[in-house]
Amino acid sequence: MKPLLILLLAALSLPATDRPADERPVFATWNEPWHDEVVRGSAAFVKARVIRNEDGVRVWFRRSKHLAGMDVPPVFSVDRYTRIRLQSYSTGSYPDLNFAVGEEVYLFLDRETRPPGWGLATPASAVAGISPQGVSATYRISMDQALVPPDVYERSQVAIFRHLHDEPVDRAWADEFMETWLRKPPAELVIGSAEASGDFFMQHVALELFHRLGGDEDVALLEPFLTCPTAQTRVSAVRALGRIDTEAARERLLAYLKAKSDGNSRWMAVEALRRQDARALAPRLRALLVNLDDERAGFRLNIMDPRVGTRFPSTVRDAILGLLHHWER
């Protein structure tokens, strides 16, 4: 096989329908979107079963359950990816719609008008697979998933969908769920055992719900999770704390950045300050750089994972410098 010339692209986004008909996928990498971007841009959230796959170019589904958003026909097709921002590709290397006939999945569907049709953001970000063990659920980004019961997945994702679309949310269920699971001590992630990790996954959902729906009065619930040994939990806890736009919460985020912790959760602290536009902390963040370690951030993906093109700061220092530069502009 002749070596393929890899062309690097800068933030290029191509809809699947722009792919020439005679080109077949070889390999591409892209910048995977975060879950809030996927859900906010989706028109509908459904459960559906695959009934036909036309060579990965168009896939037909039978709707099993409508969960949120606009009406979707009982039988519908998906023929494009809508938010793939390619970082590298080889000739014809656009990803196929890789669905097996008979499988049942949850889909966040985009509705496009030119040409009209249904699409998915990317191959992994808009799809949740179902197994006897539960739903492979995304709450942050598809590289970080939880295995949760279907009922919890549906109710939590509907709450997130409605929140991001400025629609009424079932606050009674969400508040009770967060209260129940965040009053328990932080659970451990047991690698290789979904059953033993059940409480960990439920707390993951509760923290990620707090990130969208939490209130100032419940911020004390987050403290045990900010200091627990599990890095994945700390990431969600910092994201949840970023929901609270108060001086006390910003001081806690700054203290978290000063403390020794993993790179990803401290990166999330920087992103929380970005969302809050906490420019008053700029001098203190700059002073923090003097003694800051070079703890790495980002996703440890296999080089053959097409999501390897996802952008992130290589270190916490880079994340802070990027935020300061953004504010200075």
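Cut-off values and rules
- Per chain, residue numbering runs from 1 following the sequence as it is written.
- Given that this is a predicted model, residues contribute local features only at a pLDDT of at least 70 and side-chain atom pairs are listed and counted only at 80 or more, while totals for whole chains, interfaces and linings are drawn from all residues.
- With hydrogens and water excluded, all non-hydrogen atoms of the structure serve as input to the side-chain values.
- The classification of residues rests on relative accessible area computed with a 1.4 Å probe and restricted to protein chains. Under 20% of the type maximum is buried, over 50% is exposed, and intermediate values are partly exposed.
- The numbering of helices and of strands both runs from the N terminus, where a helix is a DSSP run of H or I of at least 4 residues and a strand a run of E of at least 2.
- One bridge is not enough; two strands pair if DSSP finds at least two bridges between them.
- The quantity known as pLDDT measures the predictor's confidence residue by residue, on a range of 0 to 100.
- Whether two residues are in contact is decided by their heavy atoms: any pair within 4.5 Å suffices.
- Take the residue count of a helix, subtract one, and multiply by 1.5 Å to get its expected span.
- Residues enter a nonpolar core if they are buried and are Ala, Val, Leu, Ile, Met, Phe, Trp, Tyr or Cys, with the set joined through side-chain atoms within 4.5 Å.
- Two aromatic rings from Phe, Tyr or Trp, using only the six-membered ring of Trp, form a pair when their centres are within 6.5 Å; if the ring planes differ by under 30 degrees the pair is stacked, by over 60 it is edge-to-face, and anything between is tilted.
- Definitions used throughout: a 1 Å grid over protein atoms alone; a cavity as a set of points that fits a 1.4 Å probe which cannot get out; a pocket as an open set with protein on both sides within 12 Å along at least five of seven lines; a lining residue as one with an atom within 4 Å of a point.
- Grid points are joined across faces, edges and corners, and a volume is the space filled by probe spheres set on the points.
- The nonpolar class holds Ala, Val, Leu, Ile, Met, Phe, Trp, Tyr, Cys and Pro. Asp, Glu, Lys and Arg form the charged class, and all remaining residues, Gly among them, are polar.
- This arc corresponds to the set of directions leading from the helix axis out to the C-beta atoms.
- For this analysis, a salt bridge means a side-chain nitrogen from Lys or Arg found within 4 Å of a carboxyl oxygen belonging to Asp or Glu.

## Looking at the pairing of strand β10 (residues 134–141)
Turning to step 1, where the next piece is worked out: With 7 of its 8 residues buried, β10 lies for the most part within the structure.
Turning to step 2, where the next piece is worked out: Alignment of strand β9 (residues 127–131) against β10, held across 2 bridges, turns out to be antiparallel. Residue pairing in the sheet places I130 in a bridge with V135 of β10.
Turning to step 3, where the next piece is worked out: Here β9 hands over to β10 after 2 residues, the two strands then running antiparallel side by side.
Turning to step 4, where the next piece is worked out: As paired elements, β10 and strand β11 (residues 144–148) share 5 bridges and run antiparallel to each other. Considered in β11, the bridge of S136 is made with L147.

## Thoughts on the confidence of the model for the protein
If pLDDT is low for a region, its predicted coordinates should not be looked at in detail.
Turning to step 1, where the next piece is worked out: With 91% of its residues at a pLDDT of 70 or more, the protein has an overall mean of 88.
Turning to step 2, where the next piece is worked out: Below a pLDDT of 50 lies the segment residues 1–26, which in the model reaches 61 contacts outside its immediate sequence neighbourhood of four places, other chains included.

## Details of helix α10 (residues 316–328)
Turning to step 1, where the next piece is worked out: The end-to-end C-alpha separation of α10 is 18 Å, in line with the 18 Å expected for 13 residues at 1.5 Å each.
Turning to step 2, where the next piece is worked out: Summarising the contacts, the buried residues of α10 are in contact with α7 (247–258), α8 (263–275) and α9 (282–288).

## Quick notes on the nonpolar core
Turning to step 1, where the next piece is worked out: Core analysis: the biggest nonpolar cluster contains 100 residues, and F61, F76, F99, L107, L120, Y153 and L285 have the highest contact counts within it.
Turning to step 2, where the next piece is worked out: The greatest single-element share of this core, amounting to 9 residues, is contributed by helix α4 (residues 198–213).

## Side note on the packing of aromatic side chains
Turning to step 1, where the next piece is worked out: Scanning all chains against the criterion turns up 12 aromatic pairs.
Turning to step 2, where the next piece is worked out: Ring geometry for W34 versus W267: centroids 6.0 Å apart, planes at 85 degrees, classification edge-to-face. Taken together, the residues W34 in the loop between β2 (28–30) and α1 (35–41) and W267 in helix α8 connect sequence positions 233 residues apart.
Turning to step 3, where the next piece is worked out: Ring geometry for W173 versus F177: centroids 5.1 Å apart, planes at 25 degrees, classification stacked. Taken together, the residues W173 and F177, both in helix α3 (residues 171–182) and 4 residues apart, mark about one turn of the helix.

## Focus on the layout of surface pockets
Turning to step 1, where the next piece is worked out: Roughly 680 Å³ of volume is contained in the largest pocket.
Turning to step 2, where the next piece is worked out: Mapped onto the lining of the largest pocket, the elements with two or more residues apiece are α1, α2 (150–164), α4, α8 and α10.
Turning to step 3, where the next piece is worked out: Top element by residues in the lining of the largest pocket is α8. It accounts for 5 residues.
Turning to step 4, where the next piece is worked out: Looking at side-chain class alone, the lining of the largest pocket contains 8 nonpolar, 7 polar and 14 charged residues.
Turning to step 5, where the next piece is worked out: When contributions to the lining of the second largest pocket are tallied by element, the ones reaching two or more residues are α6 (231–241) and α8.
Turning to step 6, where the next piece is worked out: Top element by residues in the lining of the second largest pocket is α8. It accounts for 4 residues.
Turning to step 7, where the next piece is worked out: Residues of the lining of the second largest pocket, tallied by class, amount to 9 nonpolar, 4 polar and 6 charged.

## Comments concerning α7
Turning to step 1, where the next piece is worked out: Spanning 12 residues, α7 covers 17 Å between terminal C-alpha atoms, matching the ideal 16 Å at 1.5 Å per step.
Turning to step 2, where the next piece is worked out: The complete set of buried residues in α7 reads A249, L253, L254, Y256 and L257. Summarising the axial view, the buried residues of α7 lie within an arc of 155 degrees, below the 170-degree limit, and thus occupy one face. Within α7, the exposed residues directed more than 90 degrees away from the buried face are E247, A248 and K258.
Turning to step 3, where the next piece is worked out: Those residues of α7 that are buried lie in contact with α5 (223–226), α6, α8, α9 and α10.

## Side note on empty space enclosed by the protein
Turning to step 1, where the next piece is worked out: With the rule as written, the count across this model stands at 1 cavity of 30 Å³ or more.
Turning to step 2, where the next piece is worked out: Space inside the largest cavity adds up to approximately 40 Å³.
Turning to step 3, where the next piece is worked out: In terms of lining, the largest cavity is formed by H35, F108, S125, V127, A128, S136, A137, T138, Q145 and Y153.
Turning to step 4, where the next piece is worked out: Of all the secondary structure elements, the ones that give two or more residues to the lining of the largest cavity are β9 and β10.
Turning to step 5, where the next piece is worked out: With 3 residues, β10 is the single largest residue contributor to the lining of the largest cavity.
Turning to step 6, where the next piece is worked out: The residue inventory of the lining of the largest cavity, partitioned by class, reads 5 nonpolar, 5 polar and no charged.

## Re the pattern of salt bridges
Turning to step 1, where the next piece is worked out: Taken as a whole and judged by the stated rule, the model has 25 salt bridges.
Turning to step 2, where the next piece is worked out: Taking the shortest distance from any N to any O, the salt bridge between E37 and R85 comes out at 2.9 Å. Of this pair, E37 sits in helix α1 while R85 sits in strand β6 (residues 85–89); the two residues are 48 residues apart in sequence, bridging distant segments of the chain.
Turning to step 3, where the next piece is worked out: We note a salt bridge from R284 to E251, for which the minimum N-O separation is 2.7 Å. With R284 in helix α9 and E251 in helix α7, the pair connects residues that are 33 residues apart, well separated along the chain.
Turning to step 4, where the next piece is worked out: Classification of E251 as partly exposed rests on a relative accessible area of 31%.

## What about the pairing of strand β8 (residues 116–120)?
Turning to step 1, where the next piece is worked out: Buried residues dominate β8, accounting for 4 of its 5 residues.
Turning to step 2, where the next piece is worked out: Sheet topology note: the strand β5 (residues 75–81)/β8 ladder contains 2 bridges and is parallel. Paired with V78 across the two strands is W118, which belongs to β8.
Turning to step 3, where the next piece is worked out: In the sheet, strand β7 (residues 104–113) pairs with β8 via 4 bridges, with the strands oriented antiparallel. Of the residues in β8, the one forming a bridge with R111 is W118.
Turning to step 4, where the next piece is worked out: A loop of 2 residues connects β7 with β8, the two strands running antiparallel in sequence.

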